Amino acid sequence: MIRRTFLQSSLASAAMAPVLLNNVYARPSSPLKLMAALGNTDNILILVQLFGGNDGLNTIIPADDDTYYSLRPNIGIAKSNLASYNFGGIYFNPGLANGSQGGLFQMFKTGTLAIVQGIGYDTPNLSHFRSTDIWLSGINDSNPQDLLSTGWLGRTLEKLYPNFPSQLPSDPLAINLGGFSLALAGNTGNTGIVVDNPSTQAGGLSSADDALDTNAAGTRYETEYAFVQTIAQMSNTYATRVKTAYSSGVGNLTSKYGTDTLGQQMKTVAALIAGGLDTRVYVVGMGGFDTHIQQAEPDGTGGGTQMGLLGQLADGVAQFQADMTQLGSSVADRVIGFTVSEFGRRPHDNGSNGTDHGAASVQFAFGSRINGGIFFKEPDLSHLDDNGDLVKQVDFRSVYLTLLTDWFGMTLTDAQTVMQNQLDLPNPMGGLIKSVAGSVNEIPSLSLCLSVYPNPMQGSGNISLTVPNAGYSELSIVSMDGKTIQQLFGQTLVAGTYTIPFATDVSSGTYLLSLRSGNEQVARVIEILR
Amino acid sequence: MPATLSRRNFFNLINPSANLAPPSKTKRGFQPLSDPLTPFVPDSNNPWNEYLAGHLLRRTMMAPTWSDIEALVALGDPGKAVDLLLGATSNPSAPGAANDQTEDPNGPDVSNQTLRSSILGKLAGDAGSLRGWWVNLQIQASNSIQEKMGVFWSGHFTTQFDLGNESDVVAPLLYRQNELFRQNGLGNFKDLVKAITLDGAMLIFLGGDQNIAAAPNENYARELMELFTCGLGGGYTEADVQAGARILSGWKSPEFTQEDAQKGIFVPFFFPQNHDVGDKTYLETDFPAIPQGSNSEANAQAEITKMIDTLFAYTANAIATFISTKLYKFFVYSDSDTSDSTEQTVISEMANMFMQDWEIKPVLSALLKSQHFFDNVNIGAQIKTPAEYAIGIARQLGYSSGSVDGAMTTDNEQFFQPPNVSGWPGYHDWLTTNTYPARTSEQAQTLVNGMSAQDLQTFYQQFPAYNVDVTQLATQIGQLLLPRPLSAARLQNFWQALAGGSQESAWINLVNSDPEEAASNLKNLLNTIIALPDFQLC
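As the structure is a computational prediction, the values presented were derived from the model and not from experiment.

### A look at the overall build of chain B
In terms of regular secondary structure, chain B is built from 24 helices and four strands. Computed over its C-alpha atoms, the radius of gyration of chain B comes to 26 Å, within 12% of the 24 Å expected for a compact globule of 538 residues. Projected onto its principal axes, the C-alpha coordinates of chain B cover approximately 90 × 60 × 50 Å. Partitioning the contacts of chain B with sequence separation of at least 6, the portion at a separation of at least 24 is 72%. In chain B, 32 side chains carry a positive charge and 56 a negative one; their mean positions are 4 Å apart.

Below, the structure is given as structure tokens:
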């Protein structure tokens, strides 16, 4: 189905009638009118790969749902152990608060972290390798005969830089910390270079293009000879740039990064950005999430392998974000990150204090331009799929499309082209990115969206919300301990985007502004200063 | 400043088939292939020589030595050469770490930090010495595929030494697995699968020893099919993964001194209380419940035997194709291309042969003797793995064995430590803007520049032409170090580097009157060769 037709037909049924919200009339506006690219050209995306399949249920824990505890008799984390890691009824694995910056938990409280719940894809593939390929290629194709040989970011960079690689840009388009990621593979070769230790990035030997033997033409040898030459050229072209940017940037960092792989990789990325390297995509990653065994101690604390790994993730990202912040908004406002992992894990734990391969899970987006908060509802543990796994609420490609349009400034058509116009391509999730000014999100979406401006606020401001389908909708302020403090409205809305003034008399503090509509939920972290 | 790359190079890089098909065999002197596994028979156009013998050695060993090449050429026939490589077996004595018993670092004394770090140090030390032992076997190997088959299988039936979180698979178990590959690497594949299923190291790595009736661990049951035999799409379902896990439940693999070890440390055993005795359906085959009193090791083993037999019967085609493709990628060309009809015919013929009895050796023998294997299109087409590269320069240039393990680690291939259960991704992943500089500047250039005059003289004196004819010597150096014959332009560069100018006779004069200068000229030549793109190819 052509998306444009779908858009029009779904909107046609939504009457553009004004509705009364919180005693103010608001008129829904058409998303189509606002469909325009932000046109940012120097934005940076960091893709954080969590290899092995991170267990979402012990990452953001549905501790208010008793079913969770019956599914997790061994490694369930007791609610009593989560009291200090609860914000507005969102329970964080204690590891997520790790480190001197307070980790991802603290970032959530300050609005620079978005949690996307229930993210996955239809007919989930439980193979690490196929599912990793599906996530990194951006192609939901479980047929093992189909080779997934290009990545969604590789194709994106080729679209944004059509002269690559016949003309190599002066700075690498993308950098992989560690080995090559499929995410960066393009149709014309790998769009990224590999950096391990940037201070010693070397060029290697370069050789003249001497004559091949007379029988070489048309052989596989000729192909591979050209490949080696390309790698040698890229090594030589970029080694000095990377080394220079790193050495000039690293002195401007102030965060204390961990010695673990991810901590060091985040430090390298921070230094390269601080050093002015004009690279658009960084891919970092850490492994060890395949926790069939000893994921957590069977004592309700959650302590164990996964908590340690989440601690590294949380600290690495939070230290990085702190550095971006101190480098100033001209840097921080150009950088966001998004985590990916091939799947979540089976809701029912196994006998090895671990979990087997599962399906839908939780991912994080971070950065000063991220609309902090939570997207989608807590997992529905009483309606698992045939394999006993979580059913997805949002397709990961919805997030990709949002990143391509709202972050890289592509038109939706171009973004869909990059995603190879898959027949089952979903709509962009929307609502994830704030505009530079920090005002409400300018890119409308066909999924539930909620933005607040300004934030922090002195008790009044503007709320923008998008309701994709007509239905009963409820907007509330929720306290840190999960109690509804004030219901701002509860009524049936027609589909559309609304902007409404907003005032509350709740006391100073941090709250969740929670919007539920039909079967969907979205929440924003807001800070009230009086 | 942006460098300019030819568009064509990049196109080749990602779309090899574009320039491959149809390879014009007649142009290169081969008859068109009616049967791609037809043995290659040398003739006057394609004589059996140093260059083809070198090709065979590059693919079946970690780079040839000159004496290997001469020995194979002397056999006069590629068939005999393959038989020699596949027939040679050795029983190397076990490394010191093979029976080293260690306390569990995460055992009862876990709080004793001093003890714990000494245990962890010992575990890492044992793994290191096991790696060194294996590297040395490969450096010293002569005209045998045996150790390289071990590398193939260790990348297939993967096991990691370091499981993260300070837990390890101990070196004695890895040694036993390594020995299994050494002794059975060319044997019966179905038997190999049965053996690896109850291999002590594998039981630990893929959670088999934690797979219990109360809550089965699916890890091995899944990878057995997805990665080790039939591959994804082989015809199994998630329910088969779950049933397989239940069949495999109840085994233990004692690796530390305090553990229950009913048959001795390092010997897996059956623990009936943990076995799921219920009725199971695996690949549409009934595995009846085990009656009370019959829950014995023998019966559990019989259940696993039946499971593997069922798997091989149910997914025979998929297994044969999956393994044949993997052999093809390892020995012929890594970028397997489903649209290349010649290649697909080769693989399907291999699979047909393999399915008869699951014997590995006849299939590999047919492949290595085939016209397709020796086809011009495939020669020099593989990216050297870090093992082929570092062990290769150790064999050819005298790189010290102590440096090989470190170089391999830098270049992302550490034995017994694949990046994950699917093994090393290989092919283009081996060569990055990170490993290319390490391979060329850090490893080869340092080595060459560190060679003494004596080392260099020893090197050139191994070639029969060294004091006869400088162009012949240059040709022979090329035959040793590079995968294909030298072009005329290269040959001229090479011999002029040796002669230190354009007078051919100058080299012989140097050899006789100024061997120091001859050595220095050879060093220049070696520095030229290691910078050539095809020094990364084999």
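### Focus on the packing of helix α14 (residues 316-331) of chain B against helix α16 (residues 360-369) of chain B
Residue and element names in this part refer to chain B. Contact pair α14 / α16: the axes reach a minimum separation of 11 Å and the direction vectors enclose 40°. With respect to each other, α14 and α16 are oriented oblique. Crossing of α14 over α16 shows right-handed handedness. Residues L327, Y328 and F331 of α14 touch α16, and the partners they reach there are L364, L367 and L368. Residue classes in the contact of α14 with α16 are distributed as six nonpolar, no polar and no charged.

### Regarding unusual backbone geometry
The step from Y453(A) to P454(A) runs through a cis peptide bond, and the omega angle for that step is -10°. Of note, P454(A) is situated in the loop between β17 (449-453) and β18 (460-467). Even without being glycine, N143(B) reaches a positive phi, approximately 45°. Note that N143(B) resides in the loop between α6 (113-140) and α7 (146-156). Of note in this structure, L283(B) is not a glycine but carries a positive phi near 50°. With respect to the helices and strands, the residue L283(B) is situated in the loop between β3 (280-282) and β4 (285-287). Relative accessible area serves as the criterion here: at 1%, L283(B) is assigned to the buried category.

### So, the packing of aromatic side chains
Taken as a whole and assessed by the stated rule, the structure comprises 39 aromatic pairs over all chains. Their ring planes at 5° and their centres at 3.7 Å tell us that W152(A) and Y400(A) sit as a pair that is stacked. With a gap of 248 residues between them, W152(A) in helix α5 (residues 152-160) and Y400(A) in helix α10 (residues 396-407) connect regions that are remote in the sequence. Here W152(A) and Y400(A) have matching classes, each one buried. Ring plane angle 75° and centroid distance 4.8 Å describe the contact between F152(B) and W153(B), whose orientation is recorded as edge-to-face.

### Focus: the interface of chain B and chain A
At the interface, 74 residues of chain B touch 66 residues of chain A. Taken together, both faces of the contact between chain B and chain A bury some 6000 Å²; the carbon and sulfur share is 58%. The interface formed by chain B and chain A contains four salt bridges. With a closest N to O distance of 3.3 Å, R220(A) and D340(B) form a salt bridge. Where chain B meets chain A, there are 23 residue pairs in polar contact (both at pLDDT 80 or more). For the side of chain B that touches chain A, the secondary-structure elements that each account for two or more residues are α1 (7-14), α2 (17-20), α11 (219-228), α12 (238-247), α19 (435-450) and α22 (488-499) of chain B. In terms of residue count, the dominant contributor to the side of chain B that touches chain A is α1(B) (seven residues). Across the side of chain B that touches chain A, the residue classes tally to 34 nonpolar, 26 polar and 14 charged.

### A look at the pairing of β17(A)
Residue and element names in this part refer to chain A. The buried count for β17 comes to four of five residues, which makes it a mostly enclosed element. Bridge analysis of β17 against β18 gives five bridges, and the strand direction is antiparallel. Across the sheet, residue V452 finds its bridge partner in β18, namely I463. Between β17 and the antiparallel strand that follows it, β18, lie six residues; G459 among them carries a positive phi value of about 95°.

### Some words on the environment of W48(B)
Residues and elements named next belong to chain B. Within the secondary structure, W48 is located in the loop between α2 and α3 (50-60). Taking relative accessible area as the criterion, W48 reaches 10% and is therefore assigned buried. Residues W48 and F152 lie 104 residues apart in sequence; the distance between their C-alpha atoms is 27 Å. Ignoring any residue separated from it by four or fewer positions in sequence, one finds W48 in contact with P42, A53, L56, L72, V73, G76, D77, P78, A81 and F374. At a separation of 3.0 Å, a polar atom in the side chain of W48 contacts the main-chain carbonyl oxygen of L72.

### Things to note about the nonpolar core
Within the largest apolar cluster, 176 residues are counted, with the highest numbers of intra-cluster contacts made by L56(B), F157(B), F189(B), Y282(B), L364(B), I477(B) and W507(B). Element by element, the count of residues in this core is highest for α6(B), at ten residues. Residues within four places of Y282(B) in sequence aside, it is in contact with L224(B), M225(B), D240(B), A243(B), G244(B), I247(B), F287(B), M307(B), T310(B) and L311(B). Core analysis: the second largest hydrophobic core is formed by 127 residues, A183(A), L262(A), L425(A) and F502(A) among them.

### Focus: helix α21 (residues 470-481) of chain B
Residues and elements named next belong to chain B. Counted at 1.5 Å a residue, the expected span for α21 with its twelve residues is 16 Å, and the 16 Å between its end C-alpha atoms agrees. Counted residue by residue, α21 has ten buried out of twelve residues, so it is predominantly covered. Turning to α21, its buried residues are V470, T471, L473, A474, Q476, I477, G478, Q479, L480 and L481.

### What to know about the side chain of Q536(B)
Of note, Q536(B) is situated in the segment after α24 (515-530). On the accessibility criterion, Q536(B) (0% relative accessible area) is buried. The contacts of Q536(B), once residues within four sequence positions are left out, are V228(A), Q382(B), I383(B), K384(B), Y389(B), L431(B), Y436(B), R439(B), T440(B) and I530(B).

### A short note on the sheet that holds β17(A)
Residue and element names in this part refer to chain A. Taken together, three strands build an open sheet; the order of strands is β17-β18-β21 and the sheet is antiparallel. At either margin of the open sheet sits one strand with a lone partner, and together these are β17 and β21 (496-503). Across the sheet, the axes of successive neighbouring strands diverge by a mean angle of 20°, strand direction being ignored. By the bridge criterion, eight bridges tie β18 to β21 in an arrangement that is antiparallel. Bridging from a neighbouring strand, L465 pairs with Y498 of β21.

### Points about the confidence of the model for chain B
All names here are of chain B. Summarising the model, chain B shows a mean pLDDT of 90, and 93% of its residues fall at 70 or more. Here residues 1-33 scores under 50 on pLDDT; set against residues more than four positions off or in separate chains, the count is 70 contacts. Across the interface, the model reports ipTM at 0.92; the global pTM reads 0.77.

### A few points about the packing of α6(B) against helix α17 (residues 386-397) of chain B
Residues and elements named next belong to chain B. Their axes nearest at 9 Å, the elements α6 and α17 cross at an angle of 50°. Taken together, the axis directions place α6 and α17 in an arrangement best described as oblique. You can see that α6 and α17 cross each other, and the crossing is right-handed. Contacts between α6 and α17 involve V135, Q138, I139 and Q140 on the former and, on the latter, I391, A394 and R395.

### Quick look at the sheet that holds strand β6 (residues 90-92) of chain A
Taken in spatial order, the three strands of this open sheet run β4-β6-β5 (chain A), and their pairing is antiparallel. Two strands lie at the open edges of the sheet, namely β4 (60-61) and β5 (86-87) of chain A, each paired on one side alone.

### Some remarks on the pairing of strand β3 (residues 44-50) of chain A
Each regular strand carries side chains that alternate between the two faces of the sheet. All names here are of chain A. With seven of seven residues buried, β3 lies mostly within the body of the structure. Residues I44, I46, V48 and L50 of β3 are buried on one face, and the alternating residues L45, L47 and Q49, pointing to the opposite face, are buried as well. Pairing of β3 with strand β13 (residues 335-340), which is carried by six bridges, proceeds in the parallel orientation. Residue Q49 lies in a different strand from β13, and its bridge partner there is V340. Across six bridges, the pairing between β3 and strand β12 (residues 281-286) is parallel. Bridge pairing links Q49 to G285 in β12.

The rules behind each value
Residues numbered from 1 in each chain as written. Chains lettered and ligands numbered in written order. Predicted model: local features only at pLDDT ≥ 70, side-chain atom pairs only at ≥ 80, totals over all residues. Heavy atoms only, no water. Helix = DSSP H or I, 4+ residues; strand = E, 2+ residues; numbered from the N terminus. Rg over C-alpha atoms; globule rule 2.2 N^0.38 Å. Contact = heavy atoms within 4.5 Å. Lys, Arg positive; Asp, Glu negative; His and termini not counted. Charge placed at Lys NZ, Arg CZ, Asp CG, Glu CD. Axes fitted to C-alpha atoms, helices over the stretch in contact; angles between N-to-C directions. Parallel < 35°, antiparallel > 145°, perpendicular 65-115°, else oblique. Left-handed = near helix turned anticlockwise from the far one by under 90°. Nonpolar A, V, L, I, M, F, W, Y, C, P; charged D, E, K, R; others polar. Buried < 20%, exposed > 50% of the residue type's maximum accessible area, 1.4 Å probe, protein only. Phe/Tyr/Trp six-rings, centres within 6.5 Å; stacked < 30°, edge-to-face > 60°. Buried area = accessible area lost by both parts, 1.4 Å probe. Salt bridge = Lys/Arg side-chain N within 4 Å of Asp/Glu carboxyl O. Polar contact = N/O pair within 3.5 Å; in protein donor to acceptor, adjacent residues only side chain to side chain. Pairing = 2+ DSSP bridges. Core = buried A, V, L, I, M, F, W, Y, C linked by side-chain atoms within 4.5 Å. Expected span 1.5 Å × (residues − 1). pLDDT = per-residue confidence, 0-100.

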